[in-house]
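# Coordinates in review
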Amino acid sequence: MNNIDIKYIKGVGEKRAERFRTLGLTDVNTLLQFYPRGYEDWSCPVDIYDAVCEQNCCIKAKVISPVEEHRVRSNMILYKTLVSDNTGVLEVVFYNSKYTAQRLVVGEKYLFFGKISGIGSHRQISSPKIAACESAVIRPIYRTVAGLPSSVIEKTVAQVIDRVDFEDFLPSHIIEDNRLCDINFAVKNIHFPKDVESVEVSRRRLAFDELFLVTAAMKFKRFHNLKKQGIQLKKDYIGEFVKRLPFTLTAQQQKAIGECTQDMTSGRLMNRLLQGDVGSGKTVVGAALLYNAVRNGYQGALMVPTEILAEQHYENLSKFFVGTGINLALLTGSVTKSNKNKIKQALLDGQVDILIGTHALIEDDVVFKNLAIVITDEQHRFGVAQRTSLAKKQDNVHMLVMSATPIPRTMSLIIYGDLDISTINTLPKGRQPIETYCVTNNYRQRVYSYIKKHLDAGRQAYIVCPLVEKTESDLISAEEHAQNLSSGEFKDYCVGLIHGKMKSTQKDRVMREFLNGKIQLLISTTVIEVGIDVKNAVIMVIENAERFGLSQLHQLRGRIGRGEYKSTCILITDTKNSETKKRLDVICGTTDGFKIADEDLKLRGPGDFCGGRQHGLPEFKVADLVNDLELFRLAAKAADRVISSDSQLKKPENNLLRRKIIAFLRQTAKYGQN
Ligand code: ADP
Ligand code: MG
């Protein structure tokens, strides 16, 4: 039944089926999983006396006057009539819809659904929907496309809803423990609820299913990974590397290195996330692991999202490895073809030990001689698919993913639930916390004087703008700002400009000039968000701060406060919006990335979260990561229970669940590494 093509449902046919397909609805199954986006409650009509103005109401009333026609303009006819219940009289108005108006019979009662306007005895309901009194139900409202109104979808669903029988993939003890309703009740009542409570009960069940499925899938995959064999490093050269460092590692850096090294010497495959706030020193952890791999006779790779960052990592690692004889190569999109070929050959021959680069790294013809570890930095910038395809290069290659974007625990269970996790949540010693202030444009002069004072003392500063080029909007653009400031306020200083639309060679030159101190004040867009390390930069001004997400602001300000100097971040905004002000207060009040991430999720929802989808978050039909937090906890706990007691889902009761999970993993491409 569930697989029947939608065109065979009564009233659909070939032509309408086409429209259904544009909504992704091809068969009974997909149709029934196309849940309403809302409801119209016709089930409890209100009294005319109580109907609230400017709100949608359902009224049950008798027609008390014949319909009158008023021609207002040549192309506009109004049809008016009066209706009443025991509490009052209401005028019903239709525009140009003779047919609807003529259906009304004086003396009969109907249900009217629409918006009420006017006051006192002049209250009106215009262009209401009308139904017979018997159809006092809660009606589903569906997302529509042209030619396919919600009412048609409703009728089509109604044709099949009673004949469908979904098999339950949740083990019965989970259903009982969590007091979930039956799956068929849920599907039926999400479309045609018998009352308001059953909407909630059904929604809860369907949301639970979604949350359970993703978390169970990730746990299933994690167990699956744990059984995989990885290249086993025989000796531990970490101590040798640490001795070379100009600083002492923090306890947490040491712990992270220890956890990774343990993985890599155990014989099983490492699949690990290293999460640590900006500036917590993740690079050196990666460097230690690469060093260890190379000393054991293998190669390593480090993949980053931008060319500038690739270059900086290349330079930093070169410094760490100076005098060791370790060969590094840099492979980015802008490397010439002949150089690329040389690098590829050297990789194949094993002359290059460590390859650093952008996603050019994962092209098919990049082949390593004996790759042992792949590290992906700033993971949140990559799609999950890219993370996977690099690991695919060799199936026993260890994988470490480094992410500077702290994400709420709920989301990390979904996105990184298949990985082991190491966390660094302390900054290296001697780092001073960044102070953040939020000011209005009235303070601009003072901000400029403050910047100058620091430039005069030999420090550097950033000004971040929301746009590259000038547009019609009032937003400040980097190009314009750079021009104005360099010829005006900061004409005695060296002002630079960097943004994402510049060629990478150009960006590189500017970044270099900022790094070596030639440029004192850098006007930029968010391109600087990722990774670049300029210890002498101590001020960051962010223009139109209201335009940025919290996590993004936090990420941006991570570019300062990276050295011994006290650093300040100044957010400029004239916003009057109290929500926005609240958001900015969070940033000023804490430097705890995880707390900020939680707030960001609450205030903006997961969709906006650093480009939500990029994270590899599945799209939920019903569940909502912000409002279903408690349900999420229950679902995650249940998933844990099921998978820990039957990690391969071999028990008969888990049969359907196993099939569902495998289908889910295929679909999200996360299963691709096998
Ligand atoms: P992130 O975690 O944001 O990638 P980085 O790895 O870029 O941070 O490190 C930030 C800066 O801190 C770098 O200049 C790095 O050399 C330095 N650093 C890292 N670890 C330590 C340490 N234990 N002591 C002092 N400085 C450190
Ligand atoms: Mg980094």
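Residues numbered from 1 in each chain as written. Chains lettered and ligands numbered in written order. Predicted model: local features only at pLDDT ≥ 70, side-chain atom pairs only at ≥ 80, totals over all residues. Heavy atoms only, no water.

## A short note on the overall build of the protein
Test applied: The helix count covers DSSP runs of H or I at least four residues long, the strand count covers runs of E at least two residues long, and both are numbered beginning at the N terminus. Relative accessible area decides the class of each residue, using a 1.4 Å probe on protein chains only: under 20% of the type maximum gives buried, over 50% gives exposed, and in between gives partly exposed. Whether two residues are in contact is decided by their heavy atoms, any of which lying within 4.5 Å being enough. Shrake-Rupley sampling with a 1.4 Å probe provides the accessible areas, and residues are treated as covered by the protein chains on show and by no other component. Within this scheme the basic residues Lys and Arg register as positive and the acidic residues Asp and Glu register as negative, but His and the chain ends are omitted. In this description, the location of a charge corresponds to atom NZ of lysine, CZ of arginine, CG of aspartate or CD of glutamate.
Broken down by element type, the protein carries 22 helices and 22 strands. Seen through its principal axes, the protein has C-alpha atoms that stretch 100 × 70 × 45 Å. Across the 674 residues of the protein, 52% fall into the buried class. Counting contacts in the protein only where the partners sit at least 6 residues apart, residues at least 24 apart contribute 73% of the total. Carbon and sulfur atoms make up 48% of the accessible area of the protein, which amounts to about 31200 Å² in all. Of the side chains in the protein, 93 bear a positive and 77 a negative charge, and the two mean positions are spaced by 3 Å.

## A closer look at the site of ligand 1
Cut-off, in case you're wondering: The cutoff for a nearby residue is simple: one of its non-hydrogen atoms must lie within 4 Å of the molecule or strand. As used in this structure description, the phrase polar contact means that two N or O atoms lie within 3.5 Å; if the pair is within protein, one of them must be able to donate a hydrogen and the other to accept it, and residues adjacent in sequence are counted only when both atoms belong to side chains. The nonpolar class holds Ala, Val, Leu, Ile, Met, Phe, Trp, Tyr, Cys and Pro. Asp, Glu, Lys and Arg form the charged class, and all remaining residues, Gly among them, are polar.
As a matter of local geometry, ligand 1 sits amid 17 residues, with Gly279, Thr283, Arg431, Asp533 and Lys535 nearest to it. Here Gln253 contributes a side-chain N or O atom positioned 2.9 Å from a nitrogen atom of ligand 1. Within the side chain of Arg562, one N or O atom sits 2.9 Å away from an oxygen atom of ligand 1. Look at ligand 1: alone it shows 560 Å² of surface, and the protein chains cover 87% of it. Classifying every residue of the shell around ligand 1 by side-chain character gives four nonpolar, seven polar and six charged.

## Let's talk about the pattern of salt bridges
Test applied: Here a salt bridge means any side-chain nitrogen of Lys or Arg lying within 4 Å of a carboxyl oxygen belonging to Asp or Glu.
Counted according to the given criterion, the structure contains 30 salt bridges. A salt bridge links Arg295 to Glu240; the nearest nitrogen and oxygen atoms lie 3.2 Å apart. Separated by 55 residues along the polypeptide, Arg295 in helix α10 (residues 283-295) and Glu240 in helix α8 (residues 238-244) bring together distant segments of the chain. Classification of Arg295 as partly exposed rests on a relative accessible area of 29%. Among the salt bridges present, the one from Lys470 reaches Glu480, with a minimum N-O distance of 3.6 Å. With Lys470 in the loop between β18 (460-464) and α16 (478-487) and Glu480 in helix α16, the pair connects residues that are 10 residues apart, well separated along the chain. Taking relative accessible area as the criterion, Lys470 reaches 56% and is therefore assigned exposed. Exposure remark for Glu480: the relative accessible area of 27% places this residue in the partly exposed category. A cluster of three or more residues bridged by salt bridges with shared partners is formed by Lys255, Glu259, Asp263, Arg268 and Arg272.

## Some thoughts on the packing of aromatic side chains
We count it as follows: Two aromatic rings, drawn from Phe, Tyr or Trp (for Trp, its six-membered ring), form a pair once their centres lie within 6.5 Å of each other, and the interplanar angle then sorts them: stacked below 30 degrees, edge-to-face above 60, tilted otherwise.
If you walk through the whole model with that rule in mind, you get 11 aromatic pairs. Their ring planes at 20° and their centres at 5.2 Å tell us that Trp42 and Phe113 sit as a pair that is stacked. Residue Trp42 is found in the loop between β1 (38-41) and β2 (56-63), and its partner Phe113 is found in strand β6 (residues 109-117); the two are separated by 71 residues along the sequence. The buried category is assigned to Trp42, whose relative accessible area is 0%. The exposure class of Phe113 is buried, given its relative accessible area of 10%. Taken together, a centroid distance of 5.8 Å and an interplanar angle of 65° make the contact between Phe490 and Tyr493 edge-to-face. Tyr493 sits in the buried class, given a relative accessible area of 16%. Among the aromatic residues, those joined into a cluster by ring pairs are Phe241, Tyr291, Phe320 and Phe321.

## Here we look at the pairing of strand β12 (residues 328-331)
Inclusion rule: Strand pairing is assigned whenever DSSP detects at least two bridges linking the two strands. A crossover gets the label right-handed when its path from the first strand over the helix to the second runs clockwise, viewed with the strands pointing away from the viewer.
Relative to strand β13 (residues 354-357), β12 runs parallel, the two being bridged by four bridges. Looking at β13, one finds that Leu328 is bridged to Ile354. Taken together, β12, helix α12 (residues 337-349) and β13 form a β-α-β motif whose crossover is right-handed.

## Here we look at the nonpolar core
Formally: Take the buried Ala, Val, Leu, Ile, Met, Phe, Trp, Tyr and Cys residues and link them wherever side-chain atoms come within 4.5 Å; each set so joined is a nonpolar core.
One finds Leu31, Leu32, Ile153, Phe208, Phe212 and Ile661 to be the most contacted residues of the largest nonpolar core, which totals 70 residues. Considering every element that reaches this core, the biggest residue donor is helix α7 (residues 196-226), with 10 residues.

## Description of the sheet that holds strand β17 (residues 435-439)
The following threshold applies: Only C-alpha atoms enter the line fits that serve as axes; for helices the fit covers just the stretch in contact. Angles between N-to-C directions range over 0 to 180 degrees.
Spatial strand order, β17-β22-β21-β18-β20-β19: six strands in an open sheet with parallel pairing. Edge positions in the sheet fall to β17 and β19 (495-498), since each of these pairs with one other strand and no more. Each neighbouring strand pair of the sheet contributes to a mean axis angle of 20°, computed without reference to strand direction. Sheet analysis places β17 next to strand β22 (residues 568-572), joined by five bridges and oriented parallel. Paired with Cys438 across the bridge in β22 is Leu571. Those strands touched by helix α19 (residues 578-589) are β17 and β22, and its axis lies near 155° from that of β17.

## Regarding a nonpolar patch on the surface
Here is the rule we go by: Patch definition: residues above 30% relative accessible area lacking any salt bridge, with like charges linked at up to 9 Å and the nonpolar side chains Val, Leu, Ile, Met, Phe, Trp and Tyr linked at up to 5 Å.
On the surface, a nonpolar cluster with roughly 220 Å² of combined accessible area is contributed by Ile64, Leu82 and Val89. Secondary-structure assignment places Ile64 in the loop between β2 and β3 (68-73). We classify Ile64 as partly exposed; its relative accessible area is 40%.

## Quick look at α12
For clarity, the cut-off: Given a helix with a known number of residues, its expected span is that number minus one, times 1.5 Å. Taken from the helix axis, the directions to the C-beta atoms give the arc we talk about.
Helix length check: α12 (13 residues) gives 18 Å between terminal C-alpha atoms against 18 Å at 1.5 Å per residue, within 8%. Restricting attention to buried positions, one finds in α12 the residues Lys340, Ile343, Lys344, Ala346 and Leu347. Along α12, the residues classed as buried sweep out an arc of 165° about the axis, all on the same side. Where α12 is buried, its residues meet β11 (299-303), β12 and β13.

## A word on the sheet that holds strand β15 (residues 398-403)
Taken in spatial order, the seven strands of this open sheet run β12-β13-β11-β14-β15-β10-β16, and their pairing is parallel. Lying at the two open borders of the sheet, with one neighbouring strand each, are β12 and β16 (420-424). Strand-to-strand twist of the sheet, defined as the mean angle between neighbouring strand axes without regard to direction, takes the value 20°. As defined by bridge partners, strand β10 (residues 271-276) adjoins β15 across five bridges and the pair is classed as parallel. In the strand pairing of β15, Gln275 is matched with Ser403.

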